[in-house]
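Chains, contacts and geometry: an overview
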Amino acid sequence: MLKRIPSLAILLGNIVAFAGLILLAYLGFYNRYWADDWCYSADARQLGTTQATLQYFNPEGTGYSSNRYSLTFFSALTENTLGMFGNQIFATLTIAFWLVGIAWTIYNISRLTHSISFGALLFASAFLLFYNLYISPQRFQILYWRSGVLPYSTAIVFWLIILGFITHQMTRATPAKWIPYVVAPFAFLAAGLGEISCVFLFSGTSILLLAAWLARKQDWAKKSFQTIFIAWLFLFLGMTALIISPSNARIENMGVERNSLLAVPALSIRHAVDFILISLRTLPIPHIIFIGTLFSLSILATKNTSASPLTLNRLLLLLAFATLITFLLVVSIQAPSAYFYSATPDPRGKSLARFTLLAGLGFIACLGGIWTAQKLTKNWLTFASALVFLLGLAYTARSITLIYAELPGFVYRAQIWDERDAIIESAKEQGILLVEVPVIDTADIDTRDMFGSRGKGWTQFSLNCAARYYGVDGLKVQADQQ
């Protein structure tokens, strides 16, 4: 019975974690277009995917940041191939590929250290992803709003897949020659999704490249150095492409006063410290549950394995490196906003920092659990770890019910959106090209509808991005809603 406790607990853990991820994915099927989605989709319809992407060279205003060539390309491609259905499956695809990226990377790293069961690996990946989304600073925008998913969540997904290829090279007898040819375009596309995510990915890959160079005599570094360098180089080229885009002329017209480059490092460090402290202070219970669950998981997963001993000195060294790398990555996320606006990133930008912080804390918790399991071999440790693990699952199950309570809001917004869509299409069929439409209350998702909270669309017909999308001369909020 004692030997079966870990496997049964981990099986239950996977059921709970996957239930949460499936629910999050399901909500995405009720999603529609919001805010910048209209502008990307309107250009995609009118210009086609290629010409819309080539607005990278357009210094005129487009309603979005057209220097982000990959963001424009994937938005236009989705619109012109899958239409609204593509938008509805974004959450499912994001969760699926994100999970694969985490699991693949962990699997490759575990092969270099000590093997863990597939069930434990899968749970750790799903649990990290669920909590990252559950306590995200802006879950809706990084999971359901296409214009927010691509520059933030998709960028992480691309990087995890790149890391999967890199770590796969480390585990092979001889490096695969074809992998650098796959990594290069992946890296260039990842860089073009957004400035904050590009700096984040470039910084993380730079740290990995430095580590491989310092350890160049070790087998793992020899096998992976070329692939890491290729990823670093094409991320650098992509970052350069973002910077030199002619469409950046719009920033000059925004009247934004940039910060001094010399002041950016100190300001970024201060913002990173503030983010970490505020996260731990305002969300203490989720962080404690997350750390405690992964700590107990590593004990349960290590108990009946022949893992190589983890000495105290090695443990402390790994903890120090994990803490330093996590902090440096959180600092890198702050840098673009510190430079352009002398401020912290907006909530969806902070989602990158949330994932980094949780990944770092999870790694530290697992290291502590492995060391504890090797030092304490008493049977009571298995029972105690299983109890902590189950308490973590109980809290997670409760969190899933809170997410489920958001379903009526998704259904309501989808229903009104579809009714409005039908009103506009019906008016077009009758030759009416100035159409009054209901506005949708999006306060719960903190994401703008086709109209802002105030502006022309509330008082007169406006040729906004939504009007261009439908091919009408103007849209206006219905009089009874003004």
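Preceding this paragraph is the structure being described.
So, here is what we can say about the structure in this document.

Analysis parameters
Residues numbered from 1 in each chain as written. Predicted model: local features only at pLDDT ≥ 70, side-chain atom pairs only at ≥ 80, totals over all residues. Heavy atoms only, no water. Disulfide = S-S within 2.5 Å. Helix = DSSP H or I, 4+ residues; strand = E, 2+ residues; numbered from the N terminus. Buried < 20%, exposed > 50% of the residue type's maximum accessible area, 1.4 Å probe, protein only. Salt bridge = Lys/Arg side-chain N within 4 Å of Asp/Glu carboxyl O. Pairing = 2+ DSSP bridges. Phe/Tyr/Trp six-rings, centres within 6.5 Å; stacked < 30°, edge-to-face > 60°. Contact = heavy atoms within 4.5 Å. Axes fitted to C-alpha atoms, helices over the stretch in contact; angles between N-to-C directions. Parallel < 35°, antiparallel > 145°, perpendicular 65-115°, else oblique. Nonpolar A, V, L, I, M, F, W, Y, C, P; charged D, E, K, R; others polar.

1. Notes on the state of the cysteines
The final tally for this structure, using the stated rule, is one disulfide. Two residues share a disulfide in this structure: Cys39 and Cys465, whose sulfurs sit 2.0 Å from each other. What sets the handedness of the Cys39 and Cys465 disulfide is the S-S torsion sign, and at about 90° it is right-handed. Here Cys465 lies in helix H19 (residues 465-470) and Cys39 lies in helix H2 (residues 36-53), a separation of 426 residues in the sequence. Of the residues examined, Cys39 reaches a relative accessible area of 6% and is grouped as buried.

2. Re the pattern of salt bridges
Side-chain pairs of opposite charge can arise whenever the charged atoms involved come near each other. Applying the stated criterion across every chain yields a total of 10 salt bridges. Of the charged contacts in the structure, one is a salt bridge between Asp43 and Arg468, with a shortest N-O distance of 2.9 Å. One end of the pair, Asp43, is in helix H2; the other, Arg468, is in helix H19, and 425 residues separate them in sequence. You can call Asp43 buried: its relative accessible area is 6%.

3. As for the pairing of strand S2 (residues 474-477)
Each regular strand displays side chains that alternate between the two surfaces of the sheet. Neither face of S2 is open: one carries Gly474 and Lys476, the other Leu475 and Val477, and all of them are buried. Here strand S1 (residues 434-437) pairs with S2 via four bridges, running parallel. Of the residues in S2, the one forming a bridge with Val435 is Leu475.

4. A look at the packing of aromatic side chains
According to the stated counting rule, one finds 37 aromatic pairs in the structure shown. Considering the side-chain rings of Phe229 and Trp232, the 6.0 Å spacing of their centres and the 25° angle between planes classify their relative orientation as stacked. Residue Phe229 and its partner Trp232 are both found in helix H11 (residues 219-244); the two are separated by three residues, about one turn of the helix. Its relative accessible area of 35% is what places Phe229 among the partly exposed residues. Trp232 gets classed as partly exposed once you look at its relative accessible area, which sits at 22%. Geometrically, the ring pair formed by Tyr469 and Tyr470 is edge-to-face, given 5.0 Å between the ring centres and 85° between the ring planes.

5. Some thoughts on the environment of Asp37
Here Asp37 is to be found in helix H2. Taking the C-alpha atoms as reference points, Asp37 and Leu261, 224 residues apart in sequence, are found 33 Å from one another. Residues contacting Asp37, with those up to four places away along its chain left out, are Arg32, Asn87, Trp145, Arg146 and Ser147.

6. Details of the packing of helix H13 (residues 264-282) against helix H16 (residues 347-375)
Running from N to C, H13 and H16 point in directions that differ by 70°, and their axes come no closer than 11 Å. Viewed along their axes, H13 and H16 adopt a mutual orientation that is roughly perpendicular. Judged by residue contacts, Phe275, Ile276, Ser279 and Leu280 of H13 engage Lys350, Ala353, Arg354, Leu357 and Leu361 from H16. For the contact of H13 with H16, the residue count by class is six nonpolar, one polar and two charged.

7. Notes on the side chain of Ser41
Considering the arrangement of structural elements, one finds Ser41 in helix H2. Ser41 sits in the buried class, given a relative accessible area of 0%. Other than its neighbours up to four places away in sequence, Ser41 contacts Tyr33, Glu79, Arg146 and Tyr469.

8. Re unusual backbone geometry
Positive phi, normally seen in glycine, also occurs at Ala35, with a value near 45°. Along the chain, Ala35 falls in the loop between helix H1 (4-27) and H2. Notably, Ser342 is not glycine yet its phi reads approximately 55°, a positive angle. Under the relative-accessibility criterion, Ser342 is labelled partly exposed at 39%.

9. Considering the packing of helix H6 (residues 118-134) against helix H14 (residues 284-302)
Interaxial distance between H6 and H14 falls to 11 Å at its minimum, and their mutual angle equals 175°. Comparing the axis directions of H6 and H14 gives the class roughly antiparallel. In this structure, H6 contributes Ala120, Phe123, Ala124, Phe127, Leu128 and Tyr131 to the contact, and H14 contributes Pro286, Ile289, Phe290, Thr293, Leu294, Leu297 and Ala301. For the contact of H6 with H14, the residue count by class is 12 nonpolar, one polar and no charged.

10. Comments concerning the environment of Ile5
Inspection of the secondary structure puts Ile5 in helix H1. Using a relative accessible area of 13% as the deciding quantity, one classes Ile5 as buried. The spatial distance from the C-alpha of Ile5 to the C-alpha of Gln415 is 46 Å, given a sequence separation of 410 residues. For Ile5, the residues in contact, after removing those within four places along its chain, are Thr382, Phe383 and Ala386.

That's the geometry; what it means functionally is another story.
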